[in-house]
2 protein chains.
Amino acid sequence: MINHGMILIGAGNLACQIGPALKRAGVRFRQVFSRSEESAEYLASKLGCGHTCSLQKIDGKTAIILFALPDDILPEVLKSGVFNGRLLVHTAGSVPLDVFRGYTENFGVFYPLQTFSKNRTVEISEIPFFIEANNSENENLLRKLACRLSSRVYTADSDTRKKLHVAAVFACNYVNHLYHISKKILEANEISFEALRPLIMETAKKVMEAEPGTMQTGPAVRYDRKIIGMHTDDLAGFPDYQEIYTILAKSIHAHFINSNP
Amino acid sequence: MINHGMILIGAGNLACQIGPALKRAGVRFRQVFSRSEESAEYLASKLGCGHTCSLQKIDGKTAIILFALPDDILPEVLKSGVFNGRLLVHTAGSVPLDVFRGYTENFGVFYPLQTFSKNRTVEISEIPFFIEANNSENENLLRKLACRLSSRVYTADSDTRKKLHVAAVFACNYVNHLYHISKKILEANEISFEALRPLIMETAKKVMEAEPGTMQTGPAVRYDRKIIGMHTDDLAGFPDYQEIYTILAKSIHAHFINSNP
């Protein structure tokens, strides 16, 4: 099946990293689809294949269709009917395998647990891939494909994958938002975000070996009311950050009370 | 003054990193104080000096007293009166310079913006140090001392330093708590935290160059109600994480609406 090549639906951050990685691993791309002509053309040129902005112009009946789309777009695109009967694979954390049911008899999921940017090359071989498929033949195919990219390939059902995604939202999207909040606080005081970068990197490095629950420091651990009160007062200009500060301080303290009763 | 050596009050995470770094930079330590005999002895052996658990046995009248204590302990220790009239310096983000006023005529702050663990060696030369003192002579002395350790030495008044600390609480303590939450979610589903480590490292690496506000991805950016609803349902076993999930999703979405009206 893989010999029939692959068609990539989407040309966003994930597609721009996984597409070239698959090409380097020997996958032959036949076409890239994106609603944006510019994005489709850019990625197609990297993959050495054609591109289209029209679902009706997707060809290669026997190629694997790899969807790399925002979660809420995939069901809409499937309704077009142009993918019916093909081997369909998506790359999303919280979209169940069953999204494909009724459209085709061969389908699966190929989920890389990583955050992708268009212009940052990530080390693909270290990314955990989570595979699911409607039968063992398709599962084996996707597993082999993932093994060409990474040494960390696992099977996970849709429910497990969704839990992985929830955890990833905290560890990535929400962490990044806290970085953003810290930057806004510094900005309001005319301090460069550069001052925080060594701290951010060390905080991440610490949990590469240790467990985060055992590494916690700062005023919330001992619930230092005086410091916490001063800090929330200082956030008066940012009511939403004030609320986030308070709720996270309480959650940290609750963890430490429960761990050290 | 620095030729008279230094006495370190505290033997916790910060003391265990800054003490040895100062020693390597040529500072002569005279004594370590800690309420814990074991901690005092451990650090004193690293610094090649004596140790005590009794405030009354602190000697070296002319040495610099460097406090590395939890924020709420420092005022209590000062009340003992044994430090009156000496050159007193603390290392805390949210403790004002004025904490020393009334106890002595020479005092300052030496604040390294970093998270410290007892057994993890951090690259001291990359840490931003923020200096404050009651007069320019003491400020120069502390600045010179910090410059022996790091190339990033700044002056900051107590209010600015407190703002730095609030930002650091978000970027370090709260980020670490989100790592912990993600680990608990995985644990409840018997998935190893190892699965998230490449994501955590990449999320931190991304903001070493880029700005976090421009790098955000995930369901909260476009406020994908279906995914957000599924995720909060999945967190039913963790009501406090559910609340944190919701409040951060709203905060991210608000940022993106404000940035892209």
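Our structure's up above, just so we're on the same page.
Here goes a summary of the coordinates provided. From a predicted model like this one, the values you see are computed outputs, not experimental measurements.

**Description of the packing of aromatic side chains**
Thought 1: Applying the stated criterion across every chain yields a total of 18 aromatic pairs over all chains.
Thought 2: On the basis of an interplanar angle of 65° and a centroid distance of 5.8 Å, the ring pair of A:Tyr245 and B:Phe170 is categorised as edge-to-face. Here A:Tyr245 is found in helix α8 (residues 239–259), whereas its partner B:Phe170 is found in helix α5 (residues 158–188) on a different chain.
Thought 3: Judged by relative accessible area, which is 0%, A:Tyr245 ranks as buried.
Thought 4: Judged by centre distance (5.8 Å) and plane angle (35°), the ring pair of B:Phe67 and B:Phe100 falls under tilted. Highlighted residues: B:Phe67 in strand β4 (residues 64–67) and B:Phe100 in the loop between β5 (87–90) and β6 (106–112), separated in sequence by 33 residues.

**Details of the environment of B:Pro112**
Thought 1: Turning to its location among the elements, B:Pro112 is positioned in strand β6.
Thought 2: Measuring from C-alpha to C-alpha, the distance between B:Pro112 and B:Val89 comes to 13 Å, with 23 residues separating the pair along the chain.

**Focus on helix α1 (residues 13–24) of chain B**
Residues and elements named next belong to chain B.
Thought 1: If you check α1, its first and last C-alpha atoms are 17 Å apart, about what 12 residues at 1.5 Å a residue would give, namely 16 Å.
Thought 2: With nine of 12 residues buried, α1 lies mostly within the body of the structure.
Thought 3: Those residues of α1 that sit buried are Leu-14, Ala-15, Cys-16, Gln-17, Ile-18, Gly-19, Pro-20, Ala-21 and Leu-22.
Thought 4: Directly beyond the C-terminal end of α1, a positive phi value near 100° is found at Gly-26.

**Notes on the interface of chain B and chain A**
Thought 1: Chain B puts 88 residues into the contact, and the matching count from chain A is 88 residues.
Thought 2: At the boundary of chain B with chain A, total buried surface from both sides reaches about 8,700 Å², with 67% on carbon and sulfur atoms.
Thought 3: Scanning the region where chain B abuts chain A turns up eight salt bridges.
Thought 4: Between A:Asp72 and B:Arg222 there is a salt bridge, and its shortest N-O distance comes to 3.4 Å.
Thought 5: At the boundary of chain B with chain A, the tally comes to 44 residue pairs in polar contact (both at pLDDT 80 or more).
Thought 6: Elements that contribute at least two residues to the side of chain B that touches chain A include exactly α5, α6 (197–209), α7 (225–234) and α8 (239–259) of chain B.
Thought 7: Among the elements that take part in the side of chain B that touches chain A, α5(B) stands out by supplying 25 residues, more than any other.
Thought 8: Its residues placed into classes, the side of chain B that touches chain A shows 47 nonpolar, 21 polar and 20 charged.

**Here we look at the nonpolar core**
Thought 1: Within the largest apolar cluster, 125 residues are counted, with the highest numbers of intra-cluster contacts made by A:Phe67, A:Phe170, B:Phe67 and B:Phe170.
Thought 2: Apart from the residues within four sequence positions on either side, B:Phe67 is in contact with B:Ile9, B:Leu74, B:Val77, B:Leu78, B:Phe83, B:Leu88, B:Val89, B:His90, B:Thr91 and B:Phe100.

**Here we look at the pattern of salt bridges**
Any two side chains of opposite charge can pair, so long as their charged atoms come close to each other.
Thought 1: Applying the stated criterion across every chain, the model contains 24 salt bridges over all chains.
Thought 2: Between A:Glu211 and B:Lys183 there is a salt bridge, and its shortest N-O distance comes to 2.9 Å. Of this pair, A:Glu211 sits in the loop between α6 (197–209) and α7 (225–234) while B:Lys183 sits in helix α5, each in a different chain.
Thought 3: Notably, a salt bridge pairs B:Glu187 with B:Lys183, separated by 2.6 Å at the nearest N-O pair. Within this pair, B:Glu187 and its partner B:Lys183 are both found in helix α5, separated by four residues, close to a single helical turn.
Thought 4: The exposure class assigned to B:Glu187 is partly exposed, which follows from its relative accessible area of 40%.
Thought 5: Because the salt bridges share partners, they merge into one network encompassing A:Lys183, A:Lys184, A:Glu187 and B:Glu211.

Definitions and cut-offs
Residues numbered from 1 in each chain as written. Chains lettered and ligands numbered in written order. Predicted model: local features only at pLDDT ≥ 70, side-chain atom pairs only at ≥ 80, totals over all residues. Heavy atoms only, no water. Phe/Tyr/Trp six-rings, centres within 6.5 Å; stacked < 30°, edge-to-face > 60°. Helix = DSSP H or I, 4+ residues; strand = E, 2+ residues; numbered from the N terminus. Buried < 20%, exposed > 50% of the residue type's maximum accessible area, 1.4 Å probe, protein only. Expected span 1.5 Å × (residues − 1). Contact = heavy atoms within 4.5 Å. Buried area = accessible area lost by both parts, 1.4 Å probe. Salt bridge = Lys/Arg side-chain N within 4 Å of Asp/Glu carboxyl O. Polar contact = N/O pair within 3.5 Å; in protein donor to acceptor, adjacent residues only side chain to side chain. Nonpolar A, V, L, I, M, F, W, Y, C, P; charged D, E, K, R; others polar. Core = buried A, V, L, I, M, F, W, Y, C linked by side-chain atoms within 4.5 Å.

Scope: geometric values only; no functional claims are made or implied.
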